Amino acid sequence: MSVELLIEQLLNGLQLGMMLFLMAAGLTLIFGVMGLINLAHGSLYMVGAFACAAVATATGSFWIGLVASIAAAAAAGALMEVVVIRRLYERDHLDQVLATFALILIFSEGTRWLFGSFPLYLNIPPLLQGAVPLPGGGRYQLYRLALIGVGGGVALGLYLLISRTRLGMRIRAGESDREMIAALGVDIRTLYTVVFALGAALAGLAGAMVGALQSVQVGMGEPALILAFVVIVIGGIGSIKGALFGAILVGVVDTMGRFLLPKVLALALPPAQAGAIGAAIASMLIYIVMALILALRPRGLFSAQA
Amino acid sequence: MTRETAVNTGLALLLVAFPLAAQAMGEPFYITLATRAAILALAAVGLNVALGLGGLVSFGHAAFFGLGGYAAGILSTHAFNAEPLFLGFEGTASMPWIWLVAAVLCGLVALPIGAISLRTAGVYFIMITLAFAQMIYYFAVSWPAYGGEDGLSIFVRDTFPGVNTALPLPFFLICYALLLGGLALFWLLRGSRFGAALEGARQNPVRLAAVGIAPFGIRLTAFVVSAMVTGVAGALFADLNKFVSPSMLSWQMSGELIVLIILGGKGRLFGPVAGAMLYVLIEYVLGGITERWQFFLGLVLLMVVLFARGGLLGLLAGKARHG
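What you see is a predicted model; the values in this text were computed from it and never measured. Note on numbering: residues in each chain are counted from 1, in written sequence order. Labels are handed out in written order, letters beginning with A for the chains and numbers beginning with 1 for the ligands. The model is predicted, so local features are restricted to residues of pLDDT at least 70 and side-chain atom pairs to those at 80 or more, both for listing and for counting; the totals for chains, interfaces and linings are taken over all residues. Side-chain numbers here rest on the full set of heavy atoms in the structure, without hydrogens or water.

1. Things to note about the nonpolar core
- Residues grouped as a nonpolar core are buried Ala, Val, Leu, Ile, Met, Phe, Trp, Tyr and Cys residues, joined through side-chain atoms within 4.5 Å. Categorising residues by exposure relies on relative accessible area from a 1.4 Å probe, with only protein chains included: less than 20% of the type maximum marks a residue as buried, more than 50% marks it as exposed, and the intermediate range marks it as partly exposed. If you look at the biggest cluster of nonpolar residues, it comprises 220 residues, and the most contacted ones within it are A:F21, A:M34, A:F229, B:L15, B:F172, B:L179 and B:I258.
- Helix and strand assignments come from DSSP, with helices taken as H or I runs of at least 4 residues and strands as E runs of at least 2, each series counted from the N terminus. When residues in this core are grouped by element, the largest group, 17 residues, is from helix α2 (residues 28-53) of chain B.
- By the convention used here, residues are in contact when the closest approach between their heavy atoms is within 4.5 Å. Discounting residues that sit within four places of it in the chain, B:F172 has contacts with B:L15, B:V16, B:P19, B:I31, B:A34, B:T35 and B:A38.

Okay, here's the thing in structure tokens:
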């Protein structure tokens, strides 16, 4: 096993983690501020990917597609919030799960209606094609590095938004006491719509960027959604810092587990068996990590609500 | 007889009258439809113990439904091929044994899952049960011995002493009898001292602890019992389709089971039965009209959650007496 391969896999893990962070940040923000569990977040990810693929095909530009994906996901999110989600804030989690589960059915089937059952494909923009040399002699895809950069940029932007701006101040105030900030004259309904649309836009951005690595198809959102749940549960629901930490942990553990476990088991077992068992355990690894963390810290590592 | 008892009796009779009529008219397809409703209802009765009585929103009950299915699939495959299972155990094609294995297996798996998950509450509980189910799902997908992603076929439906299970109507009656058994168990649990404690744990765990009952053990027991009932339903479902695949373990399946309860009416004896009958009906009627039936199912579901909170039983039999 070479060092270049190890570095490449580590970067892949980091890239997966950064995309998970974009999903998880919105999810955890929505839960932290509104107390809402949103299963349909994966549908917004899918909306972003489809918008980007459709617009990029029509205009020939990935960048216009990317802008369209953010706009489409934010608009879909705002619409979802105004029509449905708004009625669920006062309900228990069960009703929220059910209603957003219904939204998944509607979005998935609706997208299949519009775009058909065949996957769409999205090309990596020419500017980001190719690979860059790594220290140690290997080469790494430029596009994936760009994704890591975007993830880091969003993390920094969110930090500044929440800690340094007026909107961020209101979001933090809304997290700690919604009646109080409503009494102080802040329009809490609009604030909730804005937060929801912001989370949706991040999910749409993630969907569009991942869409260029995989095929864009109905059902792509749910695996990402479930991983994002694992991330925010590990990080502590409501905490952006926890989401970033959890996302990188999940991304790296998942990628490295799939890469290393079969090799480690091959030291003790015949190769064919080691491959099968290694792959089976690797696919469960992040859930095992999550169970361990929750068994020790039931509210996650960086719980915002003590 | 209260209105709810009348509605329950009506539903129970309707569910058994429908396949009998179908048999008389020579339409075995409709018997299969009723069997599907009965099995889904049994799975949801299991979930209703945790969700309805205990207020434990498990978003991972597909794990137990699927494990029950795999128990049936694996045992009958070994019996069919006359291969020993492991440690000298043989496979079996006898339903009572399969049900027993499915129930015990699900109970044993639910014990650690419940013990870890119940340390958390609320939204964490929803997500951690989901994550455990995903763990088992991915294991089934990537473990090649029993078909992996492609699933496992049961070539001949498992047997029940004295009954020809290959015919649709006898198999329906077996499933119906087990459904009634599951309902009886739910009714007994709800009326028992244990049920009262579970109800207390749902309404106010601190007060329950103050009168000297620790909520954890009560909830864990409810979770395990709930998993065992759902596991038996999974074994029946595998026998109905003569096929098991990881899709029985998928998170959509967990969602569907919750949907059945909410459509029918949460925490009520016949809620899962009403929900499963309505669900299979919607699936059949809408599926006949449009390929996009899930879109409309989503709309129906959304309307039920937003505007008709008691579900079907809430409409038919009025509000639940408590909780």
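2. As for helix α10 (residues 251-264) of chain B
Residue and element names in this part refer to chain B.
- Taking 1.5 Å per residue, 14 residues should reach 20 Å; α10 reaches 20 Å between its end C-alpha atoms and fits that length.
- Counting buried residues in α10 gives 13 out of 14 residues, a clear majority hidden from the surface.
- Following α10 by one or two positions, G265 adopts a phi angle in the positive range, close to 135 degrees. Expected span, for any helix, means 1.5 Å times one less than how many residues it has.

3. Some remarks on the environment of A:A71
Residues and elements named next belong to chain A.
- Considering the arrangement of structural elements, one finds A71 in helix α3 (residues 62-83).
- Judged by its relative accessible area of 45%, A71 is partly exposed.
- Residues A71 and A201 lie 130 residues apart in sequence; the distance between their C-alpha atoms is 6.9 Å.

4. Examining the side chain of A:T28
- Inspection of the secondary structure assignment puts A:T28 in helix α1 (residues 3-34).
- Polar contacts, as counted here, are pairs of nitrogen or oxygen atoms within 3.5 Å of one another; within protein the pair requires one atom able to donate a hydrogen and one able to accept it, and residues that are adjacent in sequence qualify only if both atoms are side-chain atoms. Reaching out from A:T28, the side chain makes a polar contact with the backbone nitrogen of A:S239 at a distance of 3.5 Å.

5. What to know about the confidence of the model for chain A
- Here chain A shows a mean pLDDT of 88. Residues at 70 or above account for 99%.
- Confidence scores here are pLDDT values: one per residue, from the predictor, ranging 0 to 100. Highest mean pLDDT in chain A belongs to α3(A) (94); lowest belongs to strand β1 (residues 131-133) of chain A (82).

6. Observations regarding helix α12 (residues 293-307) of chain B
- For α12(B), spanning 15 residues, the distance from its first C-alpha to its last is 21 Å, which sits close to the expected 21 Å at 1.5 Å a residue.
- Restricting attention to buried positions, one finds in α12(B) the residues B:W293, B:F295, B:L297, B:G298, B:L301, B:L302, B:V304, B:V305 and B:L306.
- Elements in contact with the buried residues of α12(B): α4 (93-115) of chain A together with α10 and α11 (271-289) of chain B.

7. Observations concerning a nonpolar patch on the surface
All names here are of chain B.
- Each patch is built from residues lacking any salt bridge and having more than 30% relative accessible area; the joining distance is 9 Å for like charges and 5 Å for nonpolar side chains (Val, Leu, Ile, Met, Phe, Trp, Tyr). Every accessible area reported is derived by Shrake-Rupley at a probe size of 1.4 Å, with residue values counting cover from the shown protein chains alone. Basic side-chain nitrogens of Lys or Arg form a salt bridge, by our definition, when they fall within 4 Å of a carboxyl oxygen of Asp or Glu. On the surface, F29, L281, Y284, V285 and I289 cluster together into a nonpolar patch covering about 500 Å² of accessible area.
- With four residues, the single largest contributor to the nonpolar patch is α11.
- Mapped onto the fold, L281 is located in helix α11.

8. Describing the interface of chain A and chain B
- Listed by partner, the interface residues are 49 residues for chain A and 43 residues for chain B.
- Buried surface at the junction of chain A and chain B, both sides included, amounts to about 4,100 Å², of which 81% is carbon and sulfur.
- For the pair chain A and chain B, the interface holds two salt bridges.
- In this assembly, chain A and chain B are joined by six residue pairs in polar contact (both at pLDDT 80 or more).
- Looking at the side of chain A that touches chain B, the elements that each hand over two or more residues are α4, α9 (221-235) and α11 (271-296) of chain A.
- With 16 residues, α4(A) is the single largest residue contributor to the side of chain A that touches chain B. Summed over both partners, the accessible area (1.4 Å probe) lost when two parts come together is defined as the buried area.

9. Remarks on the pattern of salt bridges
- In total, this model carries nine salt bridges over all chains according to the counting rule given.
- Between A:E81 and A:R86 there is a salt bridge, and its shortest N-O distance comes to 3.5 Å.
- Relative accessible area serves as the criterion here: at 0%, A:E81 is assigned to the buried category.
- In this structure, the salt-bridge partner of A:R112 is A:E109, at a minimum N-O distance of 3.2 Å. Here A:R112 pairs with A:E109, and both are found in helix α4, just three residues apart, close to one helical turn.
- Residue classification places A:E109 among the buried residues on the basis of a relative accessible area of 4%.
- Overlapping salt bridges bring together A:E109, A:R112 and B:R292 as one network.

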